[in-house]
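# Inside the fold
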Amino acid sequence: MYVAIMGYGTVGSGVAEVLKKNHAHIVKKSLQDSLELKYILDLRTFPGDPNESLVTDDFNKILSDPEVKIVVETMGGLKPAYDFVLACLNAGKSVVTSNKELVAAKGIELLEAAKANNVNFLFEASVGGGIPIIRPIIQCLSANKITEVAGILNGTTNYILTRMFSDGADFEDALADAQELGYAERDPSADVDGIDACRKICILADLCFGKEVKPDSFSTEGIRDITKTDVKYAEAWGGVIKLVASAKAVNGGRNVSVCVSPALISGESQLACVSGVFNAILVRGNALGDAVFYGRGAGKLPTASAVVADVIDCARHLGRRKPFGWVKSPEGYVLPDDEFKGKFFVRCDSSFEEIADTFGKVEYINIEDPPENEKAFITPMITKGDLNKKCETLREVKSVIRVTDY
Ligand code: HSE
């Protein structure tokens, strides 16, 4: 049986490497007589690469070759990935992807095309890199009603925040180091502005709650505004700040409350000790309670590990479908940002009396040598809409960061 890879970047070349490195083992696991890489689609050439002879810039070679039963998409982006993946599914080929943008934006259409053609569309690597999370949600936890899913879904921002806490680095220096180490792109926006985490939480919410959550249907905030002073307060409180993506079923499951933003996490939380480029995903089920999945959320071989596992699964299920998916959501399914409910960390220059008048009883956090006149505190439970209104009455609000309860 033959496989093709579309996109020979970091993940695509990792897939080729794992297919070669563990070849005999993979063939055996896939229950096939053979499993060989036949084409690599890329516009670039790779002189001297061991797979140089397999590289083509002609997509139609893959599409029209009946021997290619499984296609791996590691190109990233929507164009031309969506058209190519759809064409492969319609041609009766199973497709495996690591492309979170594609799954978050076009998952329903592609899963429908897979169903119509009796093939599989699998994407374990699209969330959490090498961490098994898609299968646990759709298979192992299927006896549960999942009430919440939340996690540290972006390695680059977690590396930056870890450096800000462990070395006292400021955001710009930590970002520069992340770029030098190859974690962050030269344009780091998808990571530091939360866009990558936003796509991943959409996929998790789709799977956990069965209805589509679109990436632009809720608030996404990155970590650019986190300062060294915020870090000092978080430490004084006994916690850390992480970029947290979360989705929670509310109103008896009729709605979902979704958010990507920096969050204050208690030092006792299992998510607090997730450092560097590692990811962790917490799934809260009504029978299991909390389960946390931890590991390498990015990188060549960890991500390839998940992609190749999907290739093996496709090979084992040739001619049979793994039935899972989600449906379009009704208007108003995703709760408006103003209705997001939680506790919040606030820094401002108002007096104790003004703060008490505005919020009632709050939990103050003290640091050594705080900026003059500044007070920092944690609010009671409040909706974001009410919080924003109250913050308008405070003096010099410098930070507002949500506080998690996990
Ligand atoms: N850029 C992502 C991260 C990896 O830093 O986690 C791919 O999703």
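Predicted model only: the values in this text are computed from it and were never measured.

### Focus: the domain arrangement of the protein
Splitting the protein by domain gives domain 1 (2-130 + 300-316), domain 2 (134-296) and domain 3 (337-403). Put simply, the middle of domain 2 and the middle of domain 3, counted by C-alpha atoms, are 23 Å apart. Each side of the interface is counted separately: domain 2 has 20 residues, and domain 3 has 18 residues. When the two sides are added together, the surface that domain 2 and domain 3 hide from each other amounts to roughly 1500 Å², 60% of it contributed by carbon and sulfur.

### Some details on the nonpolar core
Counting 127 residues, the largest nonpolar core has F121, F123, I160 and I201 as its most contacted members. Broken down by element, the residue count for this core peaks at ten residues, all from helix α10 (residues 195-209). Residues in contact with F121, not counting those within four places in the same chain, are V85, L89, V95, T97, V103, L110, L111, A114 and F324. Core analysis: the next-biggest nonpolar cluster, separate from the first, contains 13 residues, C259, V346, V362 and C391 among them.

### Describing the packing of aromatic side chains
Under the criterion given, the structure shown has twelve aromatic pairs. The interplanar angle of 5° and the centroid separation of 4.0 Å between the aromatic rings of F59 and F84 together place this pair among those described as stacked. Of this pair, F59 sits in helix α3 (residues 59-63) while F84 is found in helix α4 (residues 81-90), placing the two residues 25 residues apart along the sequence. Side by side, F59 and F84 carry an identical accessibility label, which is buried. Centroid distance F123 to F324: 5.7 Å. Interplanar angle 55°. Geometry classified as tilted. Residue F123 is located in the loop between β6 (121-122) and α6 (134-140), and its partner F324 is located in the loop between α12 (300-316) and β12 (341-348); the two are separated by 201 residues in the primary sequence. F324 shares its class with F123; the two are buried. Clustering of aromatic rings is evident, with ring pairs tying together F121, F123, F324 and W326. Its guanidinium or amino end placed over the ring of Y2, K38 lies 4.9 Å from that ring's centre, counting from NZ or CZ. For K375, the ring lying beneath its charged end belongs to F352, and the centroid distance is 5.2 Å.

### With respect to the packing of helix α5 (residues 100-116) against α10
Interhelical geometry of α5 versus α10 gives an angle of 50° and a closest axis separation of 9 Å. It follows that α5 is oblique to α10 by the angle criterion. Note that α5 runs across α10; the crossing there is left-handed. Across the interface between the two elements, K100, E101, V103 and A104 of α5 pack against D196, R199, K200, C202 and I203 of α10. Partitioning the contact of α5 with α10 into residue classes produces four nonpolar, no polar and five charged.

### Concerning the sheet that holds strand β1 (residues 2-6)
Strand order in the open sheet formed by six strands is β3-β2-β1-β4-β5-β6, and the pairing between neighbours is parallel. Where the open sheet ends on each side, the last strands, each with one partner, are β3 (55-56) and β6. Bridge analysis of strand β5 (residues 94-97) against β6 gives two bridges, and the strand direction is parallel. Paired with V96 across the bridge in β6 is L122.

Conventions adopted
- Residues numbered from 1 in each chain as written.
- Predicted model: local features only at pLDDT ≥ 70, side-chain atom pairs only at ≥ 80, totals over all residues.
- Heavy atoms only, no water.
- Domains from an automatic or database assignment.
- Contact = heavy atoms within 4.5 Å.
- Buried area = accessible area lost by both parts, 1.4 Å probe.
- Core = buried A, V, L, I, M, F, W, Y, C linked by side-chain atoms within 4.5 Å.
- Buried < 20%, exposed > 50% of the residue type's maximum accessible area, 1.4 Å probe, protein only.
- Helix = DSSP H or I, 4+ residues; strand = E, 2+ residues; numbered from the N terminus.
- Phe/Tyr/Trp six-rings, centres within 6.5 Å; stacked < 30°, edge-to-face > 60°.
- Lys NZ or Arg CZ within 6 Å of the ring centre and 35° of its normal.
- Axes fitted to C-alpha atoms, helices over the stretch in contact; angles between N-to-C directions.
- Parallel < 35°, antiparallel > 145°, perpendicular 65-115°, else oblique.
- Left-handed = near helix turned anticlockwise from the far one by under 90°.
- Nonpolar A, V, L, I, M, F, W, Y, C, P; charged D, E, K, R; others polar.
- Pairing = 2+ DSSP bridges.

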